[in-house]
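The residues making up each chain are set out below.
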Amino acid sequence: MRVHWFLVSSIADEVSRRRTFAIISHPDAGKSTMTEALALHARVINEAGAIHGKAGRKSTVSDWMEMEKARGISVSSTALQFNYTSSEASPDEEPSVINLVDTPGHADFSEDTYRVLTAVDAAVMLIDAAKGLEPQTLKLFQVCRHRGIPVITVINKWDRPGRTPLELLDEISERIGLTPTPLFWPVGIAGDFRGLRDVRKDEYVHFTRTAGGAKIAPEEHLSTDAALDREGDVWAEAVEETELMTEMGQSHDQEMFLAGQTSPVIFTSAILNFGVRQLLEALVELAPAPHSRTAIDDSEREVTDPFSAVVFKVQAGMDSAHRDRLAFMRIVSGEFERGMVVQHAQTGKPFATKYAMTVVGRDRETVETAYPGDVVGLVNANALSPGDTLYDGAKVQFPPIPSFAPEHFAVVRADSAGKYKQFRKGIEQLGTEGVVQLLRNDVRGDASPVMAAVGPMQFEVVVARMKTEFNVDVQVEHLGYSVARRTDSASADELNRQRGVEVFERNDGALLALFSDKWRLQYIEKEHPSLTLEPLVAAA
Ligand code: G4P
């Protein structure tokens, strides 16, 4: 009993010092630069690469990806783990363990980008101060909201001319109904970033630039009076604006933040390393530690229960020499030890974890032990698909990862009719794995199913994998639909009669109506208000 108690309490300690989050942003808002800045502050790297220009900066964070590229798979781009000692921590306190899970963006925006959000406990919404809320950020935010993931807002690039702080925060509350609550307010307008007003401590944090932003920016902490002496009107304005927000009730409230109603706000310059320490401190102080997860039978798997994990991403070796699949799991409960044989809930078969790996700091390391909140990559994971559960001890199975609203649609066909059998097998397999969603209807028939995806790169993956794994050349023909809505059988006939609309059954059984564009959808909604047409942010 004593041993058991010791184990539980040590797992609880490990859990309480962990924070697992993702950065949600639109391309170019500064996610890579911020990742690097966080790594610099956690002393994973000694220098950020700005001094070497763009190429140098990019390579600093991504050079540990090079070795993975050589193998055709990327472990390290999926999760970065580092220790961070908070400046508020007592000397004998263990450092916090930060897991930053990457949300692939840019050209490789795909359903995986959304699935990553099922593996995190919090998100940092990174916004470019000159651009405000952008489309990809909005999409990712909707998934966070749907899943109840609390969001910290970061307004980045404050060193460059941009909008006013109040304008940016108004946009957030008006467009997405999230109430921003300032934690660190900029002193100096966008383009003249001098420092931050720590709203809760009522003090001024003044930053000094370092050459090329390569090092941690030195901070000076000043009282209100000293700040006024030093910065004059610029400080007074920061005080006035934050007081205005406080009067409007926009102050941090931990419960409202955790409930997804409010979002603490920090202004930063990732490139100058201003506000980056403040972001880390906010993550440690405010973001939730890993918590229990509800299983499909409605029971709760507590973090101190025996080992369990959810697979949230599966990556196939992109070159034909390495066909192995790599699965990433997020640990939900218990202690993971490399080599343990766990159970795969979906097949009831054992799964050996001899080749497990994680990323700690710069080097990919073979993981020996890991705890709830951590991400572990499993090699040789051909049996695993996103959403699968692995466990030890009492059986548990977590709900499948929902499918997300697709925006790209294409018919897929085998090049030659003789390969139909392999084609069918391959497409079914890729559909089950969640590489794309598969849609069918009687009119199109089985030989030419429609693939639905969040990003068009998913189609390329299908073409490549059909060729290398199933030896079938396929043709992809893009369809002119861009919006999907969930519907029901009672509405299907009427919808099929409409121009620019087609109804399909998805591989999970849901009925989806596809529309050529949102105007067509709006028109039909107006003309036929009784039809069932529900948005698909994260349809279960
Ligand atoms: P991403 O991963 O979100 O796509 O963004 P990334 O970090 O690559 O940053 C995009 C560009 O924005 C980069 O410039 C980067 O240096 C710059 N940037 C990021 N954070 C800041 C910041 O806080 N302040 C300023 N001024 N710039 C920032 P780049 O790749 O050189 O492109 P460009 O600037 O030449 O267009």
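Preceding this section is the structure that the text describes.
This is a predicted model, so every value here is computed, not measured.

The rules behind these values
- Residues numbered from 1 in each chain as written.
- Predicted model: local features only at pLDDT ≥ 70, side-chain atom pairs only at ≥ 80, totals over all residues.
- Heavy atoms only, no water.
- Helix = DSSP H or I, 4+ residues; strand = E, 2+ residues; numbered from the N terminus.
- Buried < 20%, exposed > 50% of the residue type's maximum accessible area, 1.4 Å probe, protein only.
- Contact = heavy atoms within 4.5 Å.
- Areas by Shrake-Rupley, 256 points an atom, 1.4 Å probe, with all protein chains shown as cover.
- Arc of directions from axis to C-beta.
- Polar contact = N/O pair within 3.5 Å; in protein donor to acceptor, adjacent residues only side chain to side chain.
- Near = heavy atom within 4 Å.
- Nonpolar A, V, L, I, M, F, W, Y, C, P; charged D, E, K, R; others polar.
- Core = buried A, V, L, I, M, F, W, Y, C linked by side-chain atoms within 4.5 Å.
- Salt bridge = Lys/Arg side-chain N within 4 Å of Asp/Glu carboxyl O.
- Phe/Tyr/Trp six-rings, centres within 6.5 Å; stacked < 30°, edge-to-face > 60°.

Peer 1: Lay out the overall build of the protein chain with the relevant residues and their values.
Peer 2: Of regular secondary structure, the protein chain possesses 14 helices and 31 strands. In the protein chain, buried positions account for 54% of the 540 residues. Of all intrachain contacts in the protein chain linking residues separated by at least 6 positions in sequence, the fraction that spans at least 24 positions is 71%. As presented, the protein chain carries roughly 23,200 Å² of accessible surface, and 50% of it is formed by carbon and sulfur atoms.

Peer 1: I'd like a rundown of helix 14 (residues 518-527), residues and numbers included.
Peer 2: All of the buried residues along helix 14 are Arg520, Leu521 and Ile524. Viewed along the axis of helix 14, the buried residues span an arc of 100°, placing them on a single side of the element. Structural note: helix 14 exposes Trp519 and Lys526 on the side pointing more than 90 degrees away from its buried face. Close packing links the buried residues of helix 14 with strand 28 (483-487), helix 13 (489-497), strand 29 (501-506) and strand 30 (511-515). For helix 14, the side-chain oxygen to backbone nitrogen distance between the N-cap and tryptophan 519 is 3.1 Å, and the N-cap itself is aspartate 517.

Peer 1: Break down the site of the ligand for me, citing the residues and quoting the values.
Peer 2: If you check the shell around the ligand, you find 17 residues, and the closest are Asp28, Lys31, Ser32, Thr33 and Asp159. At 3.4 Å, a backbone N or O of alanine 29 approaches an oxygen atom of the ligand. Asparagine 156 places a side-chain nitrogen or oxygen 3.2 Å from an oxygen atom of the ligand. Contact with the protein chains covers 77% of the free accessible surface of the ligand, which is 700 Å². Of all the elements in the fold, those that place two or more residues in the shell around the ligand are helix 2 (31-41) and helix 3 (53-71). Among the elements that take part in the shell around the ligand, helix 2 stands out by supplying three residues, more than any other. Taken together, the residues that form the shell around the ligand break down as four nonpolar, six polar and seven charged.

Peer 1: Which residues make up the side chain of serine 263, and what are the values?
Peer 2: Its place among the elements puts serine 263 in strand 10 (residues 262-267). Exposure remark for serine 263: the relative accessible area of 0% places this residue in the buried category. Each residue touching serine 263, except ones within four places of it in the same chain, is listed here: Val151, Ile152, Thr153, Leu178, Thr179, Pro180 and Thr181.

Peer 1: Account for the environment of isoleucine 176, naming residues and giving values.
Peer 2: For isoleucine 176, the position within the fold is in helix 6 (residues 165-176). Note: C-alpha distance between isoleucine 176 and phenylalanine 141 (35 residues apart in sequence) is 8.7 Å. Leaving out residues up to four positions away in the same chain, isoleucine 176 has contacts with Met125, Leu133, Leu138, Phe141, Gln142, Arg145 and Glu171.

Peer 1: For the environment of proline 104, give the residues involved together with the corresponding values.
Peer 2: Assignment of secondary structure puts proline 104 in the loop between strand 3 (96-101) and helix 4 (111-115). For the pair proline 104 and phenylalanine 312, spaced 208 residues apart in the sequence, the C-alpha separation amounts to 13 Å. With near-sequence residues (within four places) excluded, proline 104 lies in contact with Phe109, Thr113 and Val116.

Peer 1: Account for the nonpolar core, with residues named and values stated.
Peer 2: By size, the foremost hydrophobic cluster in this structure holds 92 residues, and its most contacted members are Phe21, Met34, Leu38, Leu117, Met125, Ile155 and Leu279. If you tally residues by element for this core, the top one is helix 10 (residues 276-286), at seven residues. Not counting residues up to four positions away in its chain, the partners in contact with methionine 34 are Ile23, Leu126, Val154, Asn156, Thr268, Ala270, Val276 and Leu279. Counting 18 residues, the second-largest nonpolar core is a separate cluster that includes Phe307, Ile331, Leu384 and Leu390.

Peer 1: Go over the pattern of salt bridges, please, and point to the residues and values.
Peer 2: Applying the stated rule across the entire model yields 30 salt bridges. Residues lysine 157 and aspartate 128 are paired through a salt bridge, measuring 3.4 Å at the closest nitrogen-oxygen approach. Of this pair, lysine 157 sits in the loop between strand 5 (151-156) and helix 6 while aspartate 128 sits in strand 4 (residues 122-128); the two residues are 29 residues apart in sequence, bridging distant segments of the chain. Grouping residues by exposure puts lysine 157 and aspartate 128 together as buried. Of the charged contacts in the structure, one is a salt bridge between lysine 139 and glutamate 407, with a shortest N-O distance of 3.2 Å. Separated by 268 residues along the polypeptide, lysine 139 in helix 5 (residues 135-147) and glutamate 407 in the loop between strand 23 (403-404) and strand 24 (408-414) bring together distant segments of the chain. Take lysine 139: its relative accessible area is 25%, and that puts it in the partly exposed class. Exposure remark for glutamate 407: the relative accessible area of 30% places this residue in the partly exposed category. Put simply, Glu14, Arg17, Arg18 and Asp374 are held in one network by salt bridges that share partners.

Peer 1: Tell me what's going on with the packing of aromatic side chains, and back it up with residues and numbers.
Peer 2: Under the definition given, this model contains 11 aromatic pairs. Ring geometry for tryptophan 158 against phenylalanine 267: centres 5.0 Å apart, planes inclined by 80°, an arrangement best described as edge-to-face. In this pair, tryptophan 158 sits in the loop between strand 5 and helix 6 while phenylalanine 267 sits in strand 10, placing the two residues 109 residues apart along the sequence. In this pair, the class of tryptophan 158 matches that of phenylalanine 267, namely buried. Between phenylalanine 193 and phenylalanine 274 the ring centres are 5.3 Å apart and the planes differ by 70°, which places this aromatic pair in the edge-to-face class. Of this pair, phenylalanine 193 sits in the loop between strand 6 (179-187) and strand 7 (195-198) while phenylalanine 274 sits in the loop between strand 10 and helix 10, placing them 81 residues apart in sequence.

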